[in-house]
Amino acid sequence: MEVRDKLVVVTGAASGIGAACAGLFAAEAARRVVCADLDESGARTVARRINEALGRDLAVGMRCDVGQEDSVRSLIDEVGESDGVIDLYFANAGVASLSDPLTADEVWERAWRVNTMAHVWAARHLLPAWLDRGEGYLVTTASIGGILTALGDAAYTTTKHAAVGFAEWMAITYGDRGVRVSCLCPAGVSTPLLAVFTGVETAKDTVLRVAGDVMQPDEAARRVVAGIRDEATLILTHPEMQVFMERKVSDHGRWIGGMIRQWRLQREAQGPAGP
Ligand SMILES: NC(=O)c1ccc[n+]([C@@H]2O[C@H](COP(=O)([O-])OP(=O)(O)OC[C@H]3O[C@@H](n4cnc5c(N)ncnc54)[C@H](O)[C@@H]3O)[C@@H](O)[C@H]2O)c1
C-alpha cells in the first residue's frame, strides 16, 4: 500500500521508531498523520515539527494510553469523527523493563497491556469499519525478541511473542476480507527503549551482539515504509535476523544452546550483582 492520501495513526509517535515513521508517512504525502502517545507534549512536538517541515497542517498530536482500552477506543473514535475511517493504524508503542519471573506483577501487567492488548483493542475498534468497507491496514510493532528472545527481559519476550502470534492470527483470519496486517519486528534501533537494555553498561556488548547493528530510527522508518509498500506480513528492520529465525526453527536445541552462551557471557560481565 502507498501511504499517499491515506489517513494514518501512529502510536508511540513521540519518540524513536514511531516519530521517525510519522515523519516519513507525512513526507510520503499521507492525507493526515495522527501522532498518538502517552507523552502528549512529545506527540504534539513531533506533529508540530512535521508540519513546520512540510509547511502545512498535516500532522496532529494526541494523548493516548494504549494500555487502556478506553483510551484506544477514544483515539479511534475521535479520529473517525474528524477525518473518517482510518486507513493505516500503526500500533507501535511498546515498553521494556529488564524483568524475570520474580519481577512484580505490575511490571508484567503493563508489558501485557501495552505490548499485546493494545493491538487487540485497536483491532477490536477498527475492524467493524474495515470489514464494512472491505479495506484496512494494521501494522503492529512486536520485536525480533518476539520471534527469538530478548535477553534479560522475560515480560518483553513473552508479550512480544504474543504480539507476533496475534498479528499472524489477524493476517490469516481477515486476509481474504481486505484487512492487511504487517508485523514489524525490529532488532537494534537507537532509541530510549533500546537504552533500557544497553543502559546496563556491562550488558551492552551482549545486547548489541544479539540485537544486530544498531540503526538510526530514520533508517528503520524507511524499511517500515518499504515493507508497507510491499504489504509484507513480516517486516524486519534487520533482514540478517532471518538466519537466526531459520536456525531456531531448524534446530531449536542448538539455538537455545547458543543463546545460553550469550546469556552466560552477559552474566559474567555483570558479575554477582546481575540477575
Ligand atoms: N529500539 C529497538 O531496538 C527496538 C527493537 C525491537 C522492538 N522495538 C519496538 O519498537 C517500538 C517503538 O519503540 P522505540 O524503540 O521507538 O522506543 P521509544 O522509547 O523511542 O518510543 C516508545 C514510545 O512509546 C510510548 N509509550 C509507552 N507506553 C505507552 C502507552 N501506554 N501509551 C502510549 N504510548 C506509550 C513512549 O512514550 C514512547 O514515546 C516498541 O514497540 C518497541 O518494543 C524497538
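Before any of the text, the structure's been laid out above.
Please read all numbers here as calculations on a predicted model, not as lab measurements.

Calculation rules
- Residues numbered from 1 in each chain as written.
- Predicted model: local features only at pLDDT ≥ 70, side-chain atom pairs only at ≥ 80, totals over all residues.
- Heavy atoms only, no water.
- Helix = DSSP H or I, 4+ residues; strand = E, 2+ residues; numbered from the N terminus.
- Buried < 20%, exposed > 50% of the residue type's maximum accessible area, 1.4 Å probe, protein only.
- Contact = heavy atoms within 4.5 Å.
- Expected span 1.5 Å × (residues − 1).
- Arc of directions from axis to C-beta.
- Patch = residues over 30% accessible without salt bridge, like charges linked within 9 Å, V, L, I, M, F, W, Y side chains within 5 Å.
- Areas by Shrake-Rupley, 256 points an atom, 1.4 Å probe, with all protein chains shown as cover.
- Salt bridge = Lys/Arg side-chain N within 4 Å of Asp/Glu carboxyl O.
- Lys, Arg positive; Asp, Glu negative; His and termini not counted.
- Charge placed at Lys NZ, Arg CZ, Asp CG, Glu CD.
- Axes fitted to C-alpha atoms, helices over the stretch in contact; angles between N-to-C directions.
- Parallel < 35°, antiparallel > 145°, perpendicular 65-115°, else oblique.
- Left-handed = near helix turned anticlockwise from the far one by under 90°.
- Nonpolar A, V, L, I, M, F, W, Y, C, P; charged D, E, K, R; others polar.
- Pairing = 2+ DSSP bridges.
- Phe/Tyr/Trp six-rings, centres within 6.5 Å; stacked < 30°, edge-to-face > 60°.
- Right-handed = clockwise from strand over helix to strand, strands pointing away.
- Near = heavy atom within 4 Å.
- Polar contact = N/O pair within 3.5 Å; in protein donor to acceptor, adjacent residues only side chain to side chain.

Asks: Would you mind going over the environment of leucine 75 in detail, with residue names and values included?
Replies: Tracing the sequence through the fold places leucine 75 in helix H3 (residues 69–83). Under the relative-accessibility criterion, leucine 75 is labelled buried at 2%. On a C-alpha basis, the gap between leucine 75 and asparagine 92 in space is 14 Å, while along the polypeptide they are 17 residues apart. Ignoring any residue separated from it by four or fewer positions in sequence, one finds leucine 75 in contact with Val9, Thr11, Val34, Ala36, Met62, Cys64 and Tyr89.

Asks: Give me the lowdown on helix H8 (residues 217–230), citing residues and values where you can.
Replies: For H8, which comprises 14 residues, the first-to-last C-alpha distance of 20 Å matches the rise-based estimate of 20 Å (1.5 Å per residue) to within 8%. Buried within H8 are the following residues: Pro217, Ala220, Ala221, Val224, Val225, Gly227 and Ile228. Seen from one end, H8 has its buried residues packed into an arc of 160°, which puts them on one side. One or two residues past the end of H8 sits glutamate 231, with phi positive at roughly 55°.

Asks: For a positive patch on the surface, give the residues involved together with the corresponding values.
Replies: On the surface, Arg247, Arg254, Arg261, Arg264 and Arg267 cluster together into a patch of positive charge. Mapped onto the secondary structure, arginine 247 falls in helix H9 (residues 241–250).

Asks: Residue-level account of the packing of H3 against helix H4 (residues 105–133), with values.
Replies: Closest axis-to-axis distance for the H3/H4 pair is 9 Å, and the angle between their directions is 40°. Relative to H4, H3 is oriented oblique. For the element pair H3 and H4, the recorded crossing hand is right-handed. Contacts between H3 and H4 pair Glu69, Val72, Arg73 and Ile76 from the former with Trp121, Ala122, Arg124, His125 and Leu126 from the latter. Among the residues forming the contact of H3 with H4, the class breakdown is five nonpolar, one polar and three charged.

Asks: Let's hear about the sheet that holds strand S6 (residues 179–185): which residues, and what values?
Replies: Across the sheet, seven strands lie side by side as S3-S2-S1-S4-S5-S6-S7; this open sheet has parallel pairing. The open sheet has two edge strands with one neighbour each: strand S3 (59–63) and strand S7 (234–236). In this sheet, neighbouring strand axes are inclined to one another by 15° on average, regardless of whether the strands run parallel or antiparallel. Bridge count for strand S5 (residues 136–141) against S6 is six bridges, and the pairing is parallel. For valine 139, the partnering residue across the bridge sits in S6 and is serine 182. Contacts from H4 reach strand S4 (88–91), S5 and S6, with the element oriented near 170° to S5.

Asks: Tell me about the packing of aromatic side chains, and please be specific about residues and values.
Replies: Taken as a whole and assessed by the stated rule, the structure comprises two aromatic pairs. Pairing phenylalanine 25 with phenylalanine 90 gives two aromatic rings, centres 6.2 Å apart and planes at 75°, and the pair type is edge-to-face. Note that phenylalanine 25 is positioned in helix H1 (residues 16–27) and phenylalanine 90 in strand S4, a separation of 65 residues in sequence.

Asks: Which residues make up the pairing of S6, and what values go with them?
Replies: S6 sits mainly inside the fold: six of its seven residues count as buried. Running through helix H5 (residues 154–174), the crossover from S5 to the neighbouring parallel element S6 is right-handed. Examined bridge by bridge, S6 and S7 share three bridges and lie parallel to one another. Along S7, the bridge assignment pairs cysteine 185 with leucine 236.

Asks: Go over the site of the ligand, please, and point to the residues and values.
Replies: With respect to spatial proximity, 29 residues lie near the ligand, and among them Ser15, Ile17, Asp37, Tyr156 and Thr191 are the closest. With respect to the ligand, the side chain of serine 15 contributes an N or O atom lying 2.6 Å from an oxygen atom. For the ligand, an oxygen atom lies 2.6 Å from a polar atom in the side chain of aspartate 37. Alone, the ligand offers 830 Å² of accessible surface; in the complex the protein occludes 91% of this. Going through the elements one at a time, H1, H5 and helix H6 (192–198) are the ones with two or more residues in the shell around the ligand. The greatest single-element share of the shell around the ligand, amounting to three residues, is contributed by H6. The residue inventory of the shell around the ligand, partitioned by class, reads 16 nonpolar, 10 polar and three charged.

Asks: Pulling in residues and values, what's your account of the pattern of salt bridges?
Replies: Under the definition given, this model contains 14 salt bridges. The salt bridge partner of glutamate 231 is arginine 180, with a shortest N-O separation of 2.9 Å. Taken together, the residues span a long stretch of sequence, with glutamate 231 in the loop between H8 and S7 and arginine 180 in strand S6 at a distance of 51 residues. Classification of glutamate 231 by relative accessible area gives partly exposed; the value is 34%.

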